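# Coordinate inspection notes
Now for the letters of each chain:
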Amino acid sequence: MAGAARPGPGAEELALLEQLLGLPKGNKYGVQGERKVPVLQTNNGPGLTGLMTIAAHLVKQAKKDQLLGSTAEEKAVVQQWLEYRVTRVDGGSSKEDTRIILKDLNVHLEDKVYLAGNIFTLADILMYYGLHHVMVDLTVQEKEKYLNVSRWFNHIQHYPGVRQHLSNVIFIKNRLYTNAH
């Protein structure tokens, strides 16, 4: 029954990732359990379960391993943010959870272009997909409050191939209020 259900957000993100990576369509995604954990049905053997596992598999299939990090430290940081995405972003449902996530990210991104520092990785892609519905609903004032997250999100949504059919989130470049009278 779970496989017949409409694909959850994780399964939809995996289809977007597949397209971004230039992989041929045709993978069958399902979901499992109450939390709608994504499952990839493979032709040879058991299916793969979990957003991080399947996403890493797709990256390797596309031979774009650099998206998982190049050095041991980068790989660890990418894993850390993928884990954060699955445990905190996907697990958080209240306004307070969202506020804490945005605050954490805002502090982390203060001196970084991407989540793993200066390289675009799978962590950026999946965090973007995971936060898209949150960013769409933020007010202009909230976007200004989380300026580093807004800068990062806007940068990622303009990265070639990432946004696809997702709506473009608008960020106002000029401050609404100035101190000049």
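A few words on the pairing of strand 1 (residues 28–32). Two elements, strand 1 and strand 2 (residues 37–41), share 5 bridges in a ladder whose sense is antiparallel. The residue of strand 2 that forms the bridge with V31 is P38. The hairpin formed by strand 1 and strand 2 contains 4 residues between the paired strands, and G33 there has a positive phi angle of roughly 75 degrees.

Let's shift gears to the pattern of salt bridges. A full pass over the atoms with the stated rule returns 4 salt bridges. Two residues, K112 and D111, come together in a salt bridge whose shortest N-O distance is 2.8 Å. Residue classification places K112 among the partly exposed positions, given a relative accessible area of 23%. Linked through salt bridges whose partners overlap, the residues forming this network are E13, R85 and D90.

This brings us to helix 2 (residues 51–61). Among the residues of helix 2, L51, I54, A55, A56, L58 and V59 are the ones counted as buried. Of the residues one or two after helix 2, K63 is the one with positive phi, at around 55 degrees.

Next up on the list: helix 5 (residues 122–137). Spacing of three or four residues puts side chains on the same side of an α-helix, whose turn is 3.6 residues. The end-to-end C-alpha separation of helix 5 is 24 Å, in line with the 22 Å expected for 16 residues at 1.5 Å each. The largest bend in helix 5 is about 50 degrees, located at L131. In terms of residue burial, helix 5 counts as a mostly covered element, since 13 of its 16 residues are buried.

Here we take up the pairing of strand 2. Relative to strand 3 (residues 48–49), strand 2 runs antiparallel, the two being bridged by 2 bridges. When the sheet's bridge partners are listed, V39 is paired in strand 3 with T49. Between strand 2 and strand 3, which pair antiparallel and follow one another directly, the connecting turn spans 6 residues, one of which, G45, has a positive phi of 105 degrees.

Parameters and conventions
Residues numbered from 1 in each chain as written. Predicted model: local features only at pLDDT ≥ 70, side-chain atom pairs only at ≥ 80, totals over all residues. Heavy atoms only, no water. Pairing = 2+ DSSP bridges. Helix = DSSP H or I, 4+ residues; strand = E, 2+ residues; numbered from the N terminus. Salt bridge = Lys/Arg side-chain N within 4 Å of Asp/Glu carboxyl O. Buried < 20%, exposed > 50% of the residue type's maximum accessible area, 1.4 Å probe, protein only. Expected span 1.5 Å × (residues − 1). Bend = angle between axes of the 7 residues up to and from the residue.

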